[in-house]
Amino acid sequence: MVLRIGSVAPPIKVEGWLLGQPLTRFQPGKVYVIEFWTTWCMPSIATMSHLVQQQEKYKNHGLEVIGIAAHERTSTAEEAATKLDAWLTKNFANLNCRIAFDCTGEMRRLWVGLEFSLESPISFVVDGGGQIAFIGRSTQLDDVLPKVFSGIWYTNDYAKAADPEHPRDNPLVVDLDQSLLLTDVLCESFLNALPRGFRVNFAAIRALANGKAALKHYLAMSSELDYATLPYNHCVMDLIHAAKARGRKVYLTAANAKHAKAIADQLGIFDGWFASDATTNLSEPSKAEILAAAFGRNGFDYVGNDCADSPVWEFADNVYGVGLSNSEKNRLIALKGNCVALDRGNASRRTWFKAIRVHQYVKNLLVFAPLVTSHQFSLAKISAAMVAFLAFCACASAVYILNDLLDLGSDRAHSSKRARPFASGLLHLRTGLLMVPILLLFSLMLAATISCGFVDLLAGYFALTSVYSVYLKRKMLVDVVVLAMLYTLRIVAGGVALEIQISQWLFIFSMFIFTSLALIKRYVELATRLDRGLPDRPDRDYRITDLDVVAALAAAAGLNAITILALYVASPDVQILYRHPKALWLICPILLYWIGRALMMAQRRLMDDDPIVFALKDRLSAIAIASIVAVVIMAI
């Protein structure tokens, strides 16, 4: 629970102190300002600067300012201490207050509750009696502290209505899409309903004929969202909790009544909600009129996310903009005179690289396999292979984005996949829906410069992968066979692009080795669920009890791949291509070692959910791959 004004101040339990003597207890008669902040929230610098001024101004009154960093994104306490010390040194030459940090979550639990985020600075004033006298922003301390020191601030009267910018009877209205949530429930509903088949999608088109409200209602009724795992904006959640702590009413506005009710029930912090239904679309103009009728013009504060909310902001008193661009901020300031900007997290270049899976491009190097195995190293073929590689990278990125959009629910329930850009809300779903056709079109344009046959194969790759993402990956064993086919298709496409006949040995070896890797991936997923005590995934046709069978099949497929390789080395074909074909026998024990080790690492829970990613990070895997390359060069 969030502390309320008048509560007894909890103790300070931190992991370490960066500046000043450790504080073990609050001394009677002294006033303390406890400020929670974080290095990666932009307002923190201004907040800390203001607190430094307050400490200097009231040092003769016995004020103690304590800055607590309790929400740093680091894996260890040592890393947090180093990061915080560097940040403080860079931004503040002469700090005059105590600074502490805590990565254990104890301070959050005691002071604000684990469900309350600390991504936005928040101030607590502890009076001489050890009670919470104020909860809010540091900028309000200019009004609060003089009254506390003068003895005219009382927690049972003044403090509960102390915020002059936000009177207690002024309700806070929060929009749902892209404001409270870092996502859009209409897009979420669409993507959730899309894999449900032709009948559901055709019914959605029919609903659209009856208007946008009918479409929203149908998609909401047809979708099954996990409201607990949706990405919430912590800055907006902080604002709501601070408003509730001051006794204000908080209301939600949403695109559909089903979503509004479900999220209100999930969070338990709203006093009511306004939403569209099957016949009425709560557009911004109608929303403005409804809110003005309910609370009066300038009788409510409003949190929105773009200039489409301008009609509502115009009727609101104080306005909050979430993730606004500079131009949108300027238009809002021109409309209202001022606004409070709230962060939604910025999508960096690294975020986009993660979304398009740049690190997975190594798989597309398979298009070079026909070039390497045939030894036809001409400038024209190398150039064609490069274009084919880029075309597959663009097409694969389109597929990865589409897969992420369709897998939002399961990704958010996964321990690591929930940090993916679309699942976490760092990237807009509409942006993802736009990027899929753009990347696909770009890849087909590149493919067209090679040959029509390569275009057909690339289009077939995209179609098969899309069917896999929507349907086939939910089918036991069919999914691993399709994954092996998709890998092998890259090799076949490389042969078509370079006009090189694919060896049957290479084709068969590829199917077995990639089937083995796909089965190892499924093994890791099942083992993870077993270790965490999770039930079987409802969207997969595998059971945790299948673990031993999956491991056996992975080993069998891998050993069959080595058998095919051995038969190839013993075949007459090798005598034609290699000067020293017997050297290729060395590849068999190296590959046997690598596959066996991969299975052992998976059994020991030391492998990522993707064996390809594991191979890229693993030192011994790198040595094995380099050894195979060296053997091939020696044989040539």
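A quick note: this is a predicted structure, and the numbers were derived from the prediction, not measured.

Some points on empty space enclosed by the protein
Here comes step 1: Per the stated rule, a full pass over the model turns up 2 cavities of 30 Å³ or more.
Here comes step 2: Estimated volume of the largest cavity: approximately 80 Å³.
Here comes step 3: Along its surface, the largest cavity is lined by Arg522, Glu525, Leu526, Arg529, Arg537, Arg540 and Tyr542.
Here comes step 4: Here the residues of the lining of the largest cavity are counted per class, giving 2 nonpolar, no polar and 5 charged.
Here comes step 5: Empty space within the second largest cavity amounts to approximately 30 Å³.
Here comes step 6: What lines the second largest cavity is Val185, Leu186, Ser189, Lys216, Ala255, Asn256 and His259.
Here comes step 7: Per-element tally for the lining of the second largest cavity: the top contributor is helix α6 (residues 185–193), with 3 residues.

Let's talk about unusual backbone geometry
Here comes step 1: The backbone of Asn298 shows a phi angle near 60°, a positive value even though the residue is not glycine.
Here comes step 2: Turning to its location among the elements, Asn298 is positioned in the loop between α11 (284–295) and β10 (301–304).
Here comes step 3: Classification of Asn298 by relative accessible area gives partly exposed; the value is 39%.
Here comes step 4: Despite not being glycine, Arg357 shows a phi value in the positive range, around 60°.
Here comes step 5: Among the secondary structure elements, Arg357 is positioned in the loop between α14 (349–355) and α15 (369–374).
Here comes step 6: The exposure class of Arg357 is buried, given its relative accessible area of 6%.

Section: the nonpolar core
Here comes step 1: With 64 residues, the main nonpolar core has Phe422, Phe454, Tyr461 and Met607 as its most contacted residues.
Here comes step 2: If you list the elements that add at least two residues to this core, you get α6, α16 (379–406), α19 (429–448), α20 (452–470), α21 (478–498), α22 (504–531), α23 (547–569) and α25 (587–603).
Here comes step 3: Counting residues per element, this core draws most heavily on α16, which supplies 16 residues.
Here comes step 4: Membership of the second largest hydrophobic core comes to 35 residues, among which are Tyr568, Tyr578, Trp594 and Ala635.

Quick notes on the sheet that holds strand β8 (residues 250–254)
Here comes step 1: Across the sheet, which stays open at both edges, the 6 strands sit in the order β9-β8-β7-β10-β11-β12 with parallel pairing between neighbours. Each edge of the open sheet is held by one strand with a lone partner, namely β9 (272–275) and β12 (340–342). In this sheet, adjacent strand axes meet at a mean angle of 20° when their direction is disregarded.
Here comes step 2: Both strand β7 (residues 172–175) and β10 contribute to a ladder of 3 bridges, which runs parallel. Within β10, the residue paired with Val174 across the bridge is Val303.
Here comes step 3: Set on the sheet, helix α10 (residues 257–267) makes contact with β8 and β9; between it and β9 the angle comes to about 160°.
Here comes step 4: Along the sheet, α11 contacts β7, β8, β9 and β10; its crossing angle with β9, the most-contacted strand, is approximately 150°.

Some words on the side chain of Lys473
Here comes step 1: By the secondary structure assignment, Lys473 is in the loop between α20 and α21.
Here comes step 2: Ignoring any residue separated from it by four or fewer positions in sequence, one finds Lys473 in contact with Asn403, Asp407, Tyr468, Asp479 and Arg540.

Describing the state of the cysteines
Here comes step 1: Evaluated as defined, the whole model comprises 0 disulfides.
Here comes step 2: Between Cys393, a cysteine without a disulfide, and Cys395, which holds the nearest cysteine sulfur, the sulfur-to-sulfur distance is 10 Å.
Here comes step 3: By relative accessible area, which is 4% here, Cys393 ends up buried.

Cut-offs and rules
- Residues numbered from 1 in each chain as written.
- Predicted model: local features only at pLDDT ≥ 70, side-chain atom pairs only at ≥ 80, totals over all residues.
- Heavy atoms only, no water.
- 1 Å grid on protein atoms, 1.4 Å probe; cavity = no way out; pocket = protein on both sides within 12 Å on 5 of 7 lines; lining within 4 Å.
- Points joined across faces, edges and corners; volume = space filled by probe spheres on them.
- Nonpolar A, V, L, I, M, F, W, Y, C, P; charged D, E, K, R; others polar.
- Helix = DSSP H or I, 4+ residues; strand = E, 2+ residues; numbered from the N terminus.
- Buried < 20%, exposed > 50% of the residue type's maximum accessible area, 1.4 Å probe, protein only.
- Core = buried A, V, L, I, M, F, W, Y, C linked by side-chain atoms within 4.5 Å.
- Pairing = 2+ DSSP bridges.
- Axes fitted to C-alpha atoms, helices over the stretch in contact; angles between N-to-C directions.
- Contact = heavy atoms within 4.5 Å.
- Disulfide = S-S within 2.5 Å.

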